[in-house]
Amino acid sequence: MALDKTVFEPDAAWKRALEKYGAATHLTVELYGRDARWPIAQVHSTPLFELLAPGHHALSMFAACVQRCLTQTAAASTIVVEQRHSLAVIGSPLMLNGEVVGAAVAAYVLTAFPDEHAVRRLAKECNVTFAALSRRIREELPLTRARSNVYGELLQVLCNALLSESYRARQQERTAMRLTAADRAKDDFLAMLSHELRNPLGAIQIASQIIRLGGASQAAVQKAAEIVDRQVKHMARLLDDLLDVSRITSGRIELRKSSVPLATAVAHAMETSRALIDAHGHSLTISLPEEPILLEADPTRLEQIVTNLLDNAAKYTPPKGHIAVMASLEENGVVLRVRDTGVGISSEMLPRVFDLFAQGDPSLAHSQGGLGIGLTMVRKLVDLHGGTVTVHSEGLGRGTEVVVRLPLGTRSHTPPEPASEGRVRPSHHILVVEDNPDAREMLRVTLEVDGHRVEVAEDGPQGVAMARSSRPQIVLVDIGLPGLNGYEVAKQMRALLGRHVRLIAVTGYGQPEDRRRTKEAGFDAHLTKPVSCEQIAEVLEGR
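Residues numbered from 1 in each chain as written. Predicted model: local features only at pLDDT ≥ 70, side-chain atom pairs only at ≥ 80, totals over all residues. Heavy atoms only, no water.

Student: Requested: an account of the sheet that holds strand 11 (residues 388-392), with residues and values cited.
Tutor: The strand order 7-9-10-12-11 describes an open sheet built from five strands, whose pairing is mixed. Single-partner strands in this sheet number two, and they are strand 7 (283-287) and strand 11. Ignoring which end each strand starts from, the neighbouring axes of this sheet average 10 degrees apart. Here strand 11 runs beside strand 12 (residues 400-407); their pairing, made up of five bridges, is antiparallel. Residue pairing in the sheet places T390 in a bridge with V403 of strand 12. Where helix 11 (residues 374-384) meets the sheet, it contacts strand 11 and strand 12, and its direction lies at approximately 145 degrees from that of strand 11. (Pairing = 2+ DSSP bridges. Helix = DSSP H or I, 4+ residues; strand = E, 2+ residues; numbered from the N terminus. Axes fitted to C-alpha atoms, helices over the stretch in contact; angles between N-to-C directions. Contact = heavy atoms within 4.5 Å.)

And the structure:
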């Protein structure tokens, strides 16, 4: 058990208790840790102890007493009394959580009045004058062995009680410090989250005004629409990251492993991160072995690992920097390195880079975007894959290298998906049940543009009534509906129309538990808001 030596340091409570013990017994108390080399603390120094102190550690009985205390076990913890030259040292092992962690020693006890020859030998061993030692011994009162044992038992009870209380107090202090730090990190994170959400919202608001007010050129309107699309995707990714880190840290994520080519995962991650890398003017080099590398991994999560590393490198590297992605084979795995010429990491921050909400320089994090949870997710996902991840940096301004080690997979032959080019999408009779007017209207317009016949309902009861009368082929249902929630709507529609209707949940609830509930309610598919046109088209086709 790792023990903080500060638990032995006599604070006010230790000092008061041990001073009272020393005053009552006329003894000096010393506390030793497990190494037994030097006393950690000393309380109530008596005249005899002060006289012998410069040389008393040379006395074999003192060292023997400490060692006997430290070699005892919790099951057989007894009082130790060592004697020599008519002097005795009383010792007691210090116990914490069933383990000997130190020793408490009380000295010196006079067991009898020594003769002149014994006093001279003791004076020589301790390098004091015979006259001074003889005078001091005559002022002491000898104690019986029974009384020495009583002093030892009192020392044992007192010191172990003080040690337990000190340990508990230190634990509470550390817990309070961790909670304070976590609370401060949470506040910083919430402020950063607000900042990250307000930025795209501001861009969306201005772009929507350009589109709505008119007077702008077609090119300006097109640019505004692209901004809206890009910022919505950015916000959706932020929310996905938040949900992912929540699921991962709470152990509620399941990997769907298969044999995945590393080159494919890197290529998809590059495609995702390319816009950010290009926006900063970085150069990017990729170095992969010529031989294909297959990993036993969840392809989506593997891509997420690489994407987070590329995004981090891009965000924390000054403009026109360089990012390198390198992979190499080891005996039982692959090593993937992502290296940048960025701002680097200080030695103080390096041990905390994987901590949730930890930020080395929050102001820089704000300026570069993101929530500072990327490395937390990377470590959790790598751990789930049975791998390891480490971060290296020579300091601020010296760049960063992240090293991921993952186990190799086995070769599998998966037939390619049939090409979808030239596919004609059929039109459907679709009912949209959505209480939010804007979301309802956008879904209607999107579906009508694709050639579908669309009806809309603004609450659950109205949706069920319309389904009964018009019998749609497909129904898109929000879950958080007033009056009758989406689960109940699905159950009633399934009872009315059987398997002739395709039910699709379109909701802001996207946790695994939410997906389980929609499936149990009778839904055929589950879409988590915000939903893109491509996602809607895919789910309508049953993909």
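Okay, back to it.
Student: So what's going on with the pairing of strand 14 (residues 453-457)? Residues and values would help.
Tutor: Strand direction decides the pairing type here: strand 13 (residues 429-433) and strand 14, joined by five bridges, are parallel. By the bridge assignment, L431 is partnered in strand 14 with E455. Once the chain exits strand 13 it traverses helix 12 (residues 437-449) before rejoining the sheet at strand 14, and the crossover so formed is right-handed. (Right-handed = clockwise from strand over helix to strand, strands pointing away.)

Student: Provide a residue-level description of the environment of T71, including the pertinent values.
Tutor: Inspection of the secondary structure assignment puts T71 in the loop between helix 3 (60-70) and strand 3 (80-84). Overall, the relative accessible area of 59% leaves T71 in the exposed class. Through-space distance from the C-alpha of T71 to that of A103 is 9.9 Å; in sequence the pair is 32 residues apart. A distance of 3.0 Å separates a polar atom in the side chain of T71 from the backbone oxygen of Q67. (Buried < 20%, exposed > 50% of the residue type's maximum accessible area, 1.4 Å probe, protein only. Polar contact = N/O pair within 3.5 Å; in protein donor to acceptor, adjacent residues only side chain to side chain.)

Student: Quick rundown of the confidence of the model for the chain? Include the residues and the values.
Tutor: Per-residue confidence for the chain averages 82 on the pLDDT scale, and 87% of its residues sit at or above 70. Note on residues 362-369: pLDDT under 50 across the span, and 13 contacts to partners over four residues away in sequence or across chains. Taken together, the stretch residues 412-422 has pLDDT below 50 and engages in two contacts with residues farther than four places along the chain or on a different chain. (pLDDT = per-residue confidence, 0-100.)

Student: Talk me through the packing of aromatic side chains; I want residue IDs and the actual numbers.
Tutor: Counted by the stated rule, this structure contains three aromatic pairs. Ring-pair connections join several aromatic residues into one group, and the members of that group are Y32, F49, F62 and Y108. The ring of F130 carries R120 above its face, with NZ or CZ at 3.9 Å from the centroid. (Phe/Tyr/Trp six-rings, centres within 6.5 Å; stacked < 30°, edge-to-face > 60°. Lys NZ or Arg CZ within 6 Å of the ring centre and 35° of its normal.)

Student: Account for the environment of I210, naming residues and giving values.
Tutor: Among the structural elements, I210 can be located in helix 6 (residues 145-213). With relative accessibility at 34%, the residue I210 sits in the partly exposed group. Put simply, I210 and A224 are 14 residues apart on the chain and 6.9 Å apart in space, counted from C-alpha to C-alpha. With residues near it in sequence (within four places) discarded, I210 still touches A216, A220 and A224.

Student: Give a detailed account of helix 14 (residues 486-497), specifying residues and quantitative values.
Tutor: For helix 14, with 12 residues, the first-to-last C-alpha span of 16 Å sits near the 16 Å given by 1.5 Å per residue. Those residues of helix 14 that sit buried are G486, Y487, V489, A490, M493, R494 and L497. Down the axis of helix 14, the buried side of the element spans an arc of 160 degrees, and every buried residue falls inside it. Those residues of helix 14 hidden inside the fold are in contact with strand 13, helix 13 (460-470), strand 15 (474-477), strand 16 (502-507) and helix 15 (512-521). For helix 14, the capping residue at the N-terminal end is N485, with a side-chain oxygen 3.0 Å from the backbone nitrogen of Y487. A positive backbone phi angle near 65 degrees is found at G498, which sits one or two residues after helix 14. (Expected span 1.5 Å × (residues − 1). Arc of directions from axis to C-beta.)

Student: Which residues make up the sheet that holds strand 4 (residues 87-96), and what values go with them?
Tutor: Judged by pairing direction, the sheet is antiparallel, and its five strands sit side by side in the order 2-1-5-4-3 without closing on themselves. The open sheet has two edge strands with one neighbour each: strand 2 (39-43) and strand 3. For this sheet, the mean inter-axis angle between neighbouring strands, taken without regard to orientation, is 20 degrees. With nine bridges connecting them, strand 4 and strand 5 (residues 99-110) associate as antiparallel partners. Bridging from a neighbouring strand, L87 pairs with L110 of strand 5. In the packing of helix 1 (residues 12-25) onto the sheet, the strands contacted are strand 1 (28-32), strand 2 and strand 5, and the crossing angle to strand 1 comes to about 135 degrees.

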